[in-house]
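# Geometric and topological summary
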Amino acid sequence: QVQLVESGGGSVQAGGSLRLSCAASGYTYSSAYNSACMGWFRQRPGKEREAVAVIDSHGLIVYANSVKGRFTISKDNAENTLHLQMNSLKPEDTAMYYCAARAATSCSGVFLFENQYNYWGQGTQVTVSS
């Protein structure tokens, strides 16, 4: 089955940058990964998990308003890896960041809710200090 492993988290000063990666494995065919809807979510302590950025099989991308203009989501189909480039980081970006994927193939559309995703990574911590 599909497995997702995040990496790239760490501690950074406000205004700095981090690049998160999500390595996906278990897809039987490369086309299955290419056709997947995937996203980055984050969860602050004591808060609900929220979508940060999502991307569908057609390249449609939607960002949370709080990160628009600062974060960039991308899929490296050759490496089956999802990335989140995080620039101009703010203390309020501090959270556990999770990579997620829907089970459906040929996935199209915007999915912003936790229960719409079937596969999750273990998370990677991002801490931004002022």
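Description of the structure in this document. (Residues numbered from 1 in each chain as written. Predicted model: local features only at pLDDT ≥ 70, side-chain atom pairs only at ≥ 80, totals over all residues. Heavy atoms only, no water.)

## Remarks on the state of the cysteines
A full pass over the atoms with the stated rule returns two disulfides. Residue pairing for Cys22: its cysteine sulfur links by disulfide to Cys99, the two sulfurs lying 2.1 Å apart. What sets the handedness of the Cys22 and Cys99 disulfide is the S-S torsion sign, and at about -75 degrees it is left-handed. Placement of Cys22 in strand β3 (residues 18–25) and of Cys99 in strand β9 (residues 95–101) is noted, with a sequence separation of 77 residues between them. The residues Cys22 and Cys99 share a single accessibility class, namely buried. Across a sulfur-sulfur distance of 2.0 Å, Cys37 and Cys107 are joined as a disulfide pair. Between Cys37 and Cys107, the disulfide has an S-S torsion of -100 degrees and is therefore left-handed. Within this pair, whereas Cys37 is found in the loop between α1 (30–34) and β4 (38–43), its partner Cys107 is found in the loop between β9 and β10 (119–120), the two being separated by 70 residues in sequence. Each member of the pair, Cys37 as well as Cys107, carries the same accessibility label: buried. In the protein, the bonded cysteines, taken in the order they occur along the sequence, pair up as 1-3, 2-4. (Disulfide = S-S within 2.5 Å. Helix = DSSP H or I, 4+ residues; strand = E, 2+ residues; numbered from the N terminus. Buried < 20%, exposed > 50% of the residue type's maximum accessible area, 1.4 Å probe, protein only.)

## Side note on the pairing of strand β11 (residues 124–129)
Residues Thr124, Val126 and Val128 of β11 are buried on one face, while the alternating residues Gln125, Thr127 and Ser129, pointing to the opposite face, are not. Across four bridges, strand β2 (residues 10–13) lies against β11 in parallel orientation. Bridge pairing in β11 links Gln13 to Ser129. Relative to β11, β9 runs antiparallel, the two being bridged by three bridges. Across the sheet, residue Ala95 finds its bridge partner in β11, namely Val126. (Pairing = 2+ DSSP bridges.)

Any functional reading would require information beyond the geometric quantities listed.
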